[in-house]
Amino acid sequence: MKNKKKLMPWLFSFPSLILIALIIIFPILYTGYISFTNMNLYHWFDFKMIGFDNYIRALLKLDSGFLMALVVTVLWTVLNMILQVIAAYFIALGLNHKGLKLSRVYKTLLMFPWAMPAYVSILLWRVGMFNTEFGLLNQILKTFGLSEINFLSTNVPAFISCMVLNLWMALPFMIMMIDGAMQSIDQSYYESAKLDGAGFFARNKYITIPAIKPIMAPAVIMTTFTTFKQFDIVYLLTRQKGALTGATFQTILTYSHENAFVSNNYGLSSAVSIIIFIIIILFSLYTNRSLKEENQ
Amino acid sequence: MSGRKAKNIVGLSLLNLIFIILCIIALLPIIYALSLSLSGDSGALSSHFSLLPSKISLANYQAILTEKPFLQWLSNSLQLSVATMVISIGFGVLAAYACSRFRFRGRRTMLMMLLLLNAFPQILSMFAIFRLFKDMNLIDSKIGLVIIYAGTMCIFSIWNMKGYFDTIPVEIEEASKIDGASDMKLLFKIVLPLARPAIIVTSVMVLIFVWNEYLFATTFMLNEHSYTLAGGLYQLQSSDYSRSWPMFSAAAILVSIPILIIFFCIQKYMVSGLTAGGVKG
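Every value quoted in this text rests on a predicted model; they were computed, and no experiment measured them.

Peer 1: Looking at this model, I keep getting lost on the interface of chain B and chain A. Mind explaining?
Peer 2: Of the residues lining the interface, 94 residues belong to chain B; the matching set on chain A comes to 88 residues. Buried area between chain B and chain A, both sides added, is near 8400 Å², and the carbon and sulfur share of it is 79%. Considering only the side of chain B, the residues that lose the most area to chain A are Leu-124, Phe-127 and Arg-131 of chain B, jointly responsible for 9% of the buried surface there. Our enumeration of links across chain B and chain A arrives at 0 salt bridges. Along the contact surface separating chain B from chain A lie 10 residue pairs in polar contact (both at pLDDT 80 or more). Broken down by element, the side of chain B that touches chain A gets its largest block of residues, 16 residues, from helix 12 (residues 241-278) of chain B. Counted by class, the side of chain B that touches chain A contains 69 nonpolar, 20 polar and 5 charged residues.

Right under this line is the structure:
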């Protein structure tokens with residue numbers, strides 16, 4: 001009877017654990033194995049172990065492009081998160097303004113970009129907004145008599161275009177989180193603060209921001225992860241197979257993907273994957289711990 | 001006093017104006033695609049632009065439905081989503097129940113491991129899976145894709161449903177245990193009906209995930225008839241997109257409508273579901 005009790009939970013978890021071991025853990029281990037070999041298109045079957053060469057190439061040789069991609073990814077994550085949190089904060093503040101009768105309507109309309117399937121949004125933007133000939137942005141520029149801009153053909157404009165699109169796609173979630181957090185604040189704080197003569201700035205600094213911080217922390221951390229891991233926007237906007245736009249900047253995920261599926265450097269790509277995985281593990285262990293400490 | 005009132009009205013109008021502009025920006029790409037898809041011809045590609053089509057026609061919708069294997073893609077997407085949902089929820093419910101109700105050795109480790117694995121982007125091991133599947137002849141096969149999707153979503157399902165199971169009071173189960181119910185009976189007759197909201201939301205999220213996934217779908221499905229909606233749309237815009245752009249926008253609208261409807265139905269639970277399952281360890 002006692003043994004049965006001990007076995008029960010494992011019996012219940014068994015199907016999931018097998019599936020996860022097969023499709024998540026084993027491929028990771030296999031990726032780790034490939035990262036120590038010289039596997040590429042010419043060595044599909046007769047690859048051999050080459051030790052840490054791929055890691056050395058990724059981490060120590062500047063011309064491998066990995067370090068540059070890492071810098072771009074960090075820049076991408078930081079810039080996006082700053083813009084996103086600030087913009088969402090002010091939009092949510094506006095939505096919570098007492099006199100704003102239509103706030104529910106605005107909220108629903110602002111949610112649409114979040115609800116669209118991501119790849120549909122990105123492809124719509126690529127052809128519908130950024131395209132040089134019939135993209136909306138250039139058509140607007142043309143009606144004002146301005147010259148066309150080739151949004152995706154050079155690095156800096158392409159990076160900014162990706163950021164604009166990311167903001168468009170990710171802001172709704174952030175707005176919704178901050179808005180929800182703001183609504184849980186007790187209104188009496190504001191009333192007494194107003195009586196004490198606290199201005200707009202002071203009310204935000206001493207009431208709103210501290211009050212929403214514990215609710216916001218998990219949401220911001222989650223979004224930071226997704227922004228860091230963001231692959232679709234950069235890939236679909238600038239690097240699609242057979243449809244490169246001219247921009248050459250890479251994030252670490254597009255870099256790993258390109259080495260695996262375009263230039264067939266399977267070993268290097270796997271080494272990069274493992275490095276990224278380790279970064280993500282360290283990052284999530286750290287954030288999990290600091291979150292728990294904050295909650296106590 | 002009246003000066004202050006006037007100031008308030010000006011401030012509010014300004015705020016409303018800002019929000020109207022924000023909403024227009026948020027909806028602009030979607031409205032543009034909708035208007036192009038309804039314009040009926042590819043004349044929309046001409047140089048002068050307008051957001052309203054001069055005549056409304058469903059020609060592009062008809063074209064995408066009859067000239068392209070859109071319905072085939074739709075059926076592929078549906079089959080994949082439903083199969084993935086059944087497997088990942090079926091397996092996930094059991095594991096989530098075990099993790100929520102039993103205190104067994106290795107439980108915490110297991111949950112932490114799952115959380116870490118969930119942080120791992122599947123793209124990173126895509127090549128390893130591709131190579132393994134190639135040797136096992138699982139490329140271009142729905143079974144292969146379903147296994148990948150189910151494995152990925154299983155972790156998410158476990159965490160998401162475990163969070164909800166934790167909120168169901170144990171006393172209800174203890175009472176029926178005293179009445180002599182077995183573990184299995186307990187799960188199916190008592191816990192699952194109580195957890196129905198969580199199961200529905202999680203299932204819908206799995207469905208949306210498969211519906212929206214394009215990278216594995218385009219890499220592992222190589223033949224036009226095994227494409228999913230994502231794969232089909234991807235191919236539609238990557239081959240001659242200048243010619244089929246109005247048709248592509250029609251397809252994009254068609255693909256998005258069911259997701260938009262589902263999204264706004266479960267939106268309320270989505271935020272809480274995501275944050276509850278997301279970080280707490």
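Peer 1: What is the right way to read the environment of Ile-122 of chain A from this model?
Peer 2: All names here are of chain A. Positionally, Ile-122 belongs in helix 5 (residues 118-130). For the pair Ile-122 and Cys-162, spaced 40 residues apart in sequence, the C-alpha separation works out to 9.3 Å. If near-sequence neighbours (up to four positions away) are discounted, Ile-122 is found in contact with Leu-165, Met-169, Asp-232, Ile-233, Leu-236 and Leu-237.

Peer 1: Sorry, what's going on with the nonpolar core here?
Peer 2: When a protein is soluble and globular, its nonpolar side chains tend to lie buried together. Grouped together as the largest cluster of nonpolar side chains are 191 residues, with contacts concentrated most on Tyr-119 of chain A together with Phe-133, Leu-145, Tyr-214, Phe-220 and Leu-233 of chain B. Tallying contributions element by element places helix 7 (residues 155-183) of chain A first for this core, with 17 residues. Beyond its immediate stretch of four places on either side in the chain, Phe-133 of chain B contacts Ile-23 of chain A together with Leu-138, Ile-139, Gly-144, Ile-148 and Phe-220 of chain B.

Peer 1: Even after reading the chapter, I still don't get the pattern of salt bridges, so can you show me in this structure?
Peer 2: Pairing between side chains becomes possible if they bear opposite charge and their charged atoms approach one another. Residues and elements named next belong to chain A. Applying the stated criterion across every chain yields a total of 5 salt bridges over all chains. Across the pair Lys-107 and Asp-179 runs a salt bridge, and its minimum N-O distance is 3.0 Å. Of this pair, Lys-107 sits in helix 4 (residues 103-115) while Asp-179 is found in helix 7, placing the two residues 72 residues apart along the sequence. According to the relative accessible area criterion, Asp-179 is buried, its value standing at 6%. The partner of Arg-239 in a salt bridge is Glu-258, with the nearest N and O atoms 2.8 Å apart. Taken together, the residues Arg-239 in helix 10 (residues 232-239) and Glu-258 in helix 11 (residues 252-261) connect sequence positions 19 residues apart.

Parameters at a glance
- Residues numbered from 1 in each chain as written.
- Chains lettered and ligands numbered in written order.
- Predicted model: local features only at pLDDT ≥ 70, side-chain atom pairs only at ≥ 80, totals over all residues.
- Heavy atoms only, no water.
- Contact = heavy atoms within 4.5 Å.
- Buried area = accessible area lost by both parts, 1.4 Å probe.
- Salt bridge = Lys/Arg side-chain N within 4 Å of Asp/Glu carboxyl O.
- Polar contact = N/O pair within 3.5 Å; in protein donor to acceptor, adjacent residues only side chain to side chain.
- Helix = DSSP H or I, 4+ residues; strand = E, 2+ residues; numbered from the N terminus.
- Nonpolar A, V, L, I, M, F, W, Y, C, P; charged D, E, K, R; others polar.
- Core = buried A, V, L, I, M, F, W, Y, C linked by side-chain atoms within 4.5 Å.
- Buried < 20%, exposed > 50% of the residue type's maximum accessible area, 1.4 Å probe, protein only.

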